[in-house]
Amino acid sequence: MVLISESREWKALADHVTAVKQTHLKDLLQDDARTDALVRETEGVYMDFSRQNATPDTLKLLLDLAQAADVPGKVAAMFRGEHINSTEDRAVLHAALRSPRDAVMEDRGQNVVPEVWGVLDKIKAFSDRVRGGEVKGVTGKALTNVVSIGIGGSALGPLFVHTALSTEPQAMAQAAGRQLVFLANVDPVDAVRALHSLDPETTLVVIVSKTFTTAETMLNARTARAWLTERLGAEAVSKHMIAVSTNLKAVAEFGLNPENAFGFWDWVGGRFSVSSAVGMVPLSLQYGFPIMERFLQGMHAMDTHFRTAPLQDNLPALLGLLNVWNTTFLGRSTTAILPYQQALQHFAPHIQQLSMESNGKGVAIDGTPLPFETGEIDFGEPGTNGQHSFYQLIHQGRVIPAEFIGVVASQQDVYLQGEKVSSHEELMCNFFAQPDALACGKDAAALRAEGVPEHLVSHKTFTGNRPSLSILLPELNAYTLGQLLSLYEHRIATSGFVWGINSFDQWGVELGKVLANKVRAKVAEARTDNRPLSTADGFNSSTVRLLNRFLESKTQPPAAGGPHAFPPGLRQK
Ligand SMILES: O=P(O)(O)OC[C@H]1O[C@H](O)[C@H](O)[C@@H](O)[C@@H]1O
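Keep in mind the model is a prediction, meaning the values are calculated, not measured.

### Points about the overall build of the protein chain
Point 1. Check the secondary structure of the protein chain and you find 23 helices and 15 strands.
Point 2. Compactness check: the protein chain gives a C-alpha radius of gyration of 26 Å against a globular reference of 25 Å for 573 residues, within 12% of the reference.
Point 3. Seen along its three principal axes, the alpha-carbon backbone of the protein chain occupies a region of about 75 × 65 × 60 Å.
Point 4. A separation threshold of at least 6 residues defines the contact pool for the protein chain, and within that pool the share at least 24 residues apart is 75%.

### Comments concerning the domain arrangement of the protein chain
Point 1. The domain architecture assigned to the protein chain consists of domain 1 (4–68 + 309–413 + 422–450 + 472–499), domain 2 (94–293) and domain 3 (510–559).
Point 2. Using C-alpha coordinates to define each centre, domain 2 is positioned 35 Å away from domain 3.

### Some remarks on the sheet that holds strand β1 (residues 39–42)
Point 1. Strands sit in the order β1-β2-β15-β12-β10-β11 across an open sheet of 6 strands; the sheet is mixed. Edge positions in the sheet fall to β1 and β11 (377–379), since each of these pairs with one other strand and no more. On average, each strand axis in the sheet is inclined to that of its neighbour by 15°, with strand direction left out of account.
Point 2. The strands touched by helix α16 (residues 347–359) are β10 (334–339) and β11; relative to β11, the strand with the most contacts, the crossing angle is about 165°.
Point 3. Where helix α21 (residues 478–499) meets the sheet, it contacts β2 (45–48) and β15 (468–475), and its direction lies at approximately 155° from that of β15.

### Some thoughts on the packing of helix α13 (residues 277–287) against helix α14 (residues 289–308)
Packed helix pairs are characterised by how far apart their axes lie and by the angle those axes make with each other.
Point 1. Where α13 contacts α14, the axes come no closer than 7 Å and their chain directions differ by 130°. Relative to α14, α13 is oriented oblique. Across from Met-280, Leu-283, Ser-284 and Tyr-287 in α13, the residues of α14 making contact are Phe-289, Ile-291 and Met-292.
Point 2. Class assignment of the residues belonging to the contact of α13 with α14 gives a composition of 6 nonpolar, 1 polar and no charged.

### Quick word on the sheet that holds strand β8 (residues 241–245)
Point 1. Here 5 strands make up an open sheet; going across it, the order is β6-β5-β7-β8-β9 and the pairing parallel. The outermost strands of the open sheet, each flanked by one partner alone, are β6 (179–183) and β9 (261–263). Taken over all neighbouring pairs, the strand axes of this sheet differ in orientation by 20° on average, direction set aside.
Point 2. Sheet analysis places strand β5 (residues 145–149) next to β6, joined by 5 bridges and oriented parallel. By the bridge assignment for β6, Ile-149 is matched with Leu-183.
Point 3. Each of β5, β6, β7 (203–208) and β8 touches helix α10 (residues 215–232); the most contacted strand, β5, lies at about 150° to it.

### Some thoughts on the pairing of β1
Consecutive side chains along a regular strand alternate between the two faces of the sheet.
Point 1. Of the pairings in the sheet, the one linking β1 to β2 comprises 4 bridges and is antiparallel in character. Note on β2: the bridge partner recorded for Glu-41 is Tyr-46.
Point 2. Counting the residues in the hairpin turn of β1 and β2 gives 2 residues, including Glu-43, whose phi is positive at 45°.

### Re unusual backbone geometry
Point 1. The step from Gly-383 to Thr-384 runs through a cis peptide bond, and the omega angle for that step is 5°.
Point 2. Tracing the backbone through its elements, the reader meets Thr-384 in the loop between β11 and α17 (391–396).
Point 3. Here the phi dihedral of Gln-417 falls at roughly 50°; this positive angle occurs in a residue that is not glycine.
Point 4. Tracing the chain through its elements places Gln-417 in the loop between β13 (414–416) and β14 (419–421).

### Quick word on the confidence of the model for the protein chain
Regions with low pLDDT carry predicted coordinates that are not meant to be interpreted in detail.
Point 1. Residues at a pLDDT of 70 or more form 97% of the protein chain, whose mean pLDDT is 95.
Point 2. For the stretch residues 562–566, pLDDT sits under 50, and the model shows 4 contacts to residues farther than four places along the chain or on other chains.
Point 3. Of the two predicted TM-score estimates for the complex, the pTM is 0.95 and the ipTM is 0.98.

### Section: helix α18 (residues 423–440)
Point 1. In this model α18 runs 26 Å from its N-terminal to its C-terminal C-alpha over 18 residues, within 8% of the 26 Å that 1.5 Å per residue would give.
Point 2. Tucked into the core, α18 has its buried residues touching α2 (25–28), α17, β12 (402–409) and β15.

### Some words on α21
Point 1. Given a rise of 1.5 Å per residue, 22 residues ought to cover 32 Å, and the 32 Å separating the end C-alpha atoms of α21 matches this to within 8%.
Point 2. Within α21, 22 of the 22 residues are buried, which leaves it mostly tucked inside the rest of the structure.
Point 3. Directly beyond the C-terminal end of α21, a positive phi value near 80° is found at Gly-500.

### Describing the nonpolar core
As a rule of thumb, nonpolar side chains are buried together in soluble globular proteins.
Point 1. Residues Ile-149, Val-205, Val-206, Met-292, Leu-321 and Val-498 are the most contacted members of the largest nonpolar core, which totals 144 residues.
Point 2. With 12 residues, the top contributor of residues to this core is α21.
Point 3. Each of domain 1 (4–68 + 309–413 + 422–450 + 472–499) and domain 2 (94–293) accounts for three or more of the residues forming this core.
Point 4. Excluding anything up to four places from it in sequence, Val-498 contacts Ile-4, Leu-65, Ala-66, Ala-69, Val-71, Gly-320, Leu-321 and Val-324.

### Structural notes on the environment of Gly-263
Point 1. Mapped onto the secondary structure, Gly-263 falls in strand β9.
Point 2. For Gly-263, a count of 18 C-beta atoms within 10 Å corresponds to the partly exposed category.
Point 3. Gly-263 sits 114 residues away from Ile-377 along the chain, and the two C-alpha atoms are 32 Å apart.
Point 4. Sequence-distant contacts of Gly-263, that is, excluding residues within four places in its chain, are made with Val-119, Ser-245, Thr-246, Leu-248 and Ala-277.

What counts and how
- Residues numbered from 1 in each chain as written.
- Predicted model: local features only at pLDDT ≥ 70, side-chain atom pairs only at ≥ 80, totals over all residues.
- Helix = DSSP H or I, 4+ residues; strand = E, 2+ residues; numbered from the N terminus.
- Rg over C-alpha atoms; globule rule 2.2 N^0.38 Å.
- Contact = placed C-beta atoms within 7 Å.
- Domains from an automatic or database assignment.
- Pairing = 2+ DSSP bridges.
- Axes fitted to C-alpha atoms, helices over the stretch in contact; angles between N-to-C directions.
- Parallel < 35°, antiparallel > 145°, perpendicular 65-115°, else oblique.
- Nonpolar A, V, L, I, M, F, W, Y, C, P; charged D, E, K, R; others polar.
- pLDDT = per-residue confidence, 0-100.
- Expected span 1.5 Å × (residues − 1).
- Buried ≥ 20, exposed ≤ 12 C-beta atoms within 10 Å, placed from the backbone.
- Core = buried A, V, L, I, M, F, W, Y, C linked by C-beta atoms within 7 Å.

Here it is as structure tokens:
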């Protein structure tokens, strides 16, 4: 396969780097025509990338590169249901999950949309009945608590959406008297945290796993089953546990009624599954189906924009191209995701998985090793919290392209003694100030003019010329959340299309799981035989030492009813 890095367009961009590096952002920002050329909007989503180390020429070269990589052809192939996830021979059709009823999207010549709506209708009916108190637990009580058990793609996206909706007035009103809790980690502490304050009589457990084989999730599912049956008897399982999976056979084997299972399909990647039953079941139980339908509509609007808008006006495509520019051409391997919205506190962790699991690859789609790096390291925190934590490094240490996300109208206002306290205004002032601080900096002359003592001048200098982009949403509700998520899903796909990789597989997570199985077996063996491990067990000497230290530990778990407030039924017998 001829790699994209062999193309004329790639080389033109590489040659362009020096020219761009010579121009400081503070000067570039004086050019109004340039700003005009580097701002886009679709359906209320405003994106300003004038603070990128880029000029309109860069944009043109990036668009040429996108054509050379056949981004439009790859986008079309994705929406056509071609098996672009070639290593798993699967289509990539998550956009079908939020398409209208009358849309046609095909996998293997079969329109998948009727099946999608079949599941959505089932979710609506079920969530209505649970929320209305019609579906009851084994003791006749309404099921007001939901525990969603899942990990990775089966947890991070739904958690992000839940957190963002939990302070949105309409969603809040719909969630009154209800509780949604997520349980992901195999760490017993997470099970205790999730379950300890819940009443099993009013709790519905949703086991969410695409494969229904993930070790952590299955262990937590068994923990929850024991927690329920110990208090409510064996019949609690059918009334208090439901599942979301593509593996309905395994769901039945676990002992769940297939009636209580919500399916999805192999053409939905785990990290792209928020809009499938993975997110829709727990979130519709919490907020009601109509609110979640708005979320799907927001996603669909951005999907349509991505599928139809020309590249130069296509927000996800432009974001993806700028990402390639920053990481591969300018060598900036990290991206900071900085929402100025506390409600988006779980956005960065979700994007971390979405982006890093999708684009952290070392070979092209045909297996050819890549001579350039793909993917970026994503991290982030809501502003202004992050400002008091890691912004020092972004301002005066490493150059880290930042993505600022702001919202015009706050979800909430705070009133004190009848007076509106405008903390949202305060928050947003920071959202506007930080990108300019990064871009323009502050030079020694300005500091001296302010009378800064000479020995502090270099410490207080901000070099500036640090890139960012700003995304402004009108408000944060189910619809705009859908737009935002789809924007990032397609941004990540676009970068992958340019790099020529498969963004939809994740072989890199396998090896660690295999080794954990080996450790599990050997630790069990050593405990049974009451012997230390050695290199003869197949571990290197470093691992042998670590394992033996663990095995030799004299620390005993606290006795039942002891000082640790473990809820009964969660203690290992
Ligand atoms: O949904 P599951 O099959 O339980 O998978 C949960 C997660 O585990 C895997 O290790 C993958 O890396 C993730 O992409 C996936 O979302």
